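Fold and contact review
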Amino acid sequence: MTADKTIKVAVLMGSKSDWDVMKSAVETLQELGVPHDVRVLSAHRTHDALVEYVQRMEAAGVEVFIAGAGGAAHLAGVVAGVTTKPVLGTPMKSSLDGLDSLLSTVQMPAGIPVATFAIGKAGCVNAALFAAAILGVAEPKYDEKIKRYRAAKAEKILAEPDPRVG
Ligand code: RP5
């Protein structure tokens, strides 16, 4: 999706190698009908381009940033240092099982918050749902979409056959 005023959520990842996990956030935003943009930008490798992108997206009307990185995962923290919009951090699995990513993302200094989610795909799905919930405060249609999402998931579970015969 191109950068225009309709984009509500920007999804960032530190490397293309994060995509296999981060796509869970993007797929969930798609399922919820949330207009979004997706970029690979690194806190370390492409710092200036990251700052420029976040400033441009905020000016274009983005309401929430989702940022996923692994290892020395400073991406969400740097994004939060640039924007006052909510930043949702999604730690990636790494050589230390993602504990390094989780701690790098969650241990922000007082004054610059990052709402940090679980390591891996579950965290990405939940970050997308949380982004929709943030949007839902001002736009009830997103709250409705979350309700429908949950109902559909519940219906699917209840329709499952006895696990011993499937
Ligand atoms: C982080 O380093 C990225 O977010 C990724 O999780 C990790 C490894 O990146 P690559 O070396 O695979 O590009 O910055």
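Now for a quick tour of the structure. Note that the structure is predicted; figures quoted are calculated from it, not measured. (Residues numbered from 1 in each chain as written. Predicted model: local features only at pLDDT ≥ 70, side-chain atom pairs only at ≥ 80, totals over all residues. Heavy atoms only, no water.)

Helix and strand content of the chain: 6 helices and 5 strands. When the elements of the chain are put in sequence order from the N terminus, they spell out β-α-β-α-β-α-β-α-β-α-α. Its C-alpha atoms give the chain a radius of gyration of 16 Å, within 12% of the compact-globule value 15 Å for 166 residues. The dimensions of the chain, computed from C-alpha atoms along their principal axes, are 55 × 40 × 30 Å. Counting only residues that meet the buried cut, the chain has 42% of its 166 residues in that class. Of the contacts made within the chain by residues no fewer than 6 positions apart, 68% connect residues no fewer than 24 positions apart. Approximately 8900 Å² of the chain is accessible, and the part contributed by carbon and sulfur atoms is 58%. Across the chain, 18 positive and 18 negative side-chain charges occur, with their mean positions spaced 2 Å apart. (Helix = DSSP H or I, 4+ residues; strand = E, 2+ residues; numbered from the N terminus. Rg over C-alpha atoms; globule rule 2.2 N^0.38 Å. Buried < 20%, exposed > 50% of the residue type's maximum accessible area, 1.4 Å probe, protein only. Contact = heavy atoms within 4.5 Å. Areas by Shrake-Rupley, 256 points an atom, 1.4 Å probe, with all protein chains shown as cover. Lys, Arg positive; Asp, Glu negative; His and termini not counted. Charge placed at Lys NZ, Arg CZ, Asp CG, Glu CD.)

Attention now moves to the packing of helix α1 (residues 19–32) against helix α5 (residues 121–138). Following both chains from N to C, one finds α1 and α5 inclined at 30°, their axes separated by 8 Å at the closest point. Here α1 lies roughly parallel to α5, going by the angle between them. Relative to α5, α1 is oriented so that their crossing is right-handed. On α5, the residues that touch D20, V21, M22, S24, A25, T28, L29 and L32 of α1 are K121, C124, V125, A128, L129 and A132. Of the residues that constitute the contact of α1 with α5, the class distribution is 10 nonpolar, 2 polar and 2 charged. (Axes fitted to C-alpha atoms, helices over the stretch in contact; angles between N-to-C directions. Parallel < 35°, antiparallel > 145°, perpendicular 65-115°, else oblique. Left-handed = near helix turned anticlockwise from the far one by under 90°. Nonpolar A, V, L, I, M, F, W, Y, C, P; charged D, E, K, R; others polar.)

A few words on the packing of α1 against helix α6 (residues 140–158). Viewed as axis vectors pointing N to C, α1 and α6 meet at an angle of 110°, and their least axial separation amounts to 9 Å. Between α1 and α6, the interaxial angle falls into the category roughly perpendicular. Here T28, E31 and L32 of α1 come into contact with α6, specifically with Y142, K145, I146, Y149 and K153. Taken together, the residues of the contact of α1 with α6 sort by class into 4 nonpolar, 1 polar and 3 charged.

A few words now on the sheet that holds strand β4 (residues 87–91). Pairing is parallel in the open sheet, where 5 strands are placed in the order β2-β1-β3-β4-β5. The open sheet has two edge strands with one neighbour each: β2 (36–40) and β5 (115–116). The pairing of β4 with β5 spans 2 bridges and is classified as parallel. Across the sheet, residue L88 finds its bridge partner in β5, namely A115. The strands touched by α1 are β1 (9–13), β2, β3 (64–69) and β4; relative to β1, the strand with the most contacts, the crossing angle is about 170°. Relative to β4, helix α4 (residues 99–106) is tilted by about 165°, and along the sheet it contacts β3, β4 and β5. (Pairing = 2+ DSSP bridges.)

Moving on: the pairing of β3. Counted residue by residue, β3 has 6 buried out of 6 residues, so it is predominantly covered. A two-sided burial pattern is seen for β3, the buried positions comprising V64, I66 and G68 on one face and F65, A67 and A69 on the other. Pairing of β1 with β3 involves 5 bridges; the strand directions are parallel. From the neighbouring strand, V11 faces β3, where its bridge partner is I66. Where β3 and β4 come together, 5 bridges link them in parallel fashion. Residue pairing across strands places I66 opposite L88, the latter belonging to β4.

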